[in-house]
Amino acid sequence: MVSEIANAVVMFFLILLGGIPVLYLTLSIPVVVFWKIYRKIKYGYNLYD
């Protein structure tokens, strides 16, 4: 019983520690690409700056 609860707690922390970086990268990469395209269209900046 106690080991099942401990396993559940450890699994929760592993999902939390692995899930947060994945969500951050999944959301931030498209936002950066959109921002660069927006700056290119509006201000004429280079996409690589």
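Cut-off values and rules
- Residues numbered from 1 in each chain as written.
- Predicted model: local features only at pLDDT ≥ 70, side-chain atom pairs only at ≥ 80, totals over all residues.
- Heavy atoms only, no water.
- Helix = DSSP H or I, 4+ residues; strand = E, 2+ residues; numbered from the N terminus.
- Buried < 20%, exposed > 50% of the residue type's maximum accessible area, 1.4 Å probe, protein only.
- Areas by Shrake-Rupley, 256 points an atom, 1.4 Å probe, with all protein chains shown as cover.
- Contact = heavy atoms within 4.5 Å.
- Expected span 1.5 Å × (residues − 1).
- Phe/Tyr/Trp six-rings, centres within 6.5 Å; stacked < 30°, edge-to-face > 60°.

1. What about the overall build of the protein?
Counting its regular elements, the protein contains 1 helix and 0 strands. Dimensions of the protein, computed from C-alpha atoms along their principal axes, come out at roughly 65 × 15 × 10 Å. Here the protein holds 49 residues, and the buried ones make up 4% of them. Accessible area for the protein stands at about 4,700 Å²; split by element, carbon and sulfur atoms hold 79% of it.

2. Things to note about the environment of Asp-49
Mapped onto the elements of the fold, Asp-49 is located in the segment after helix H1 (2–43). Relative accessible area serves as the criterion here: at 59%, Asp-49 is assigned to the exposed category. Separated by 42 residues in the primary sequence, Asp-49 and Asn-7 have C-alpha atoms spaced 47 Å apart. Residue contacts for Asp-49: discarding those within four places in its chain leaves Lys-36 and Arg-39.

3. Focus on the side chain of Arg-39
In this structure, Arg-39 sits in helix H1. For Arg-39, a relative accessible area of 18% gives the class buried.

4. Comments concerning H1
A rise of 1.5 Å per residue sets the reference length of H1, with its 42 residues, at 62 Å; its end C-alpha atoms lie 60 Å apart and thus fit the reference within 8%. Remark: Gly-44 follows H1 within two positions and exhibits a positive phi of approximately 80°.

5. Quick look at the packing of aromatic side chains
Any aromatic ring pair is given by two values, namely how distant the centres are and how the planes are angled relative to each other. Inspection of the entire model under this criterion finds 3 aromatic pairs. Their ring planes at 65° and their centres at 5.6 Å tell us that Phe-12 and Phe-13 sit as a pair that is edge-to-face. Overall, Phe-13 belongs to the partly exposed group, its relative accessible area being 44%.

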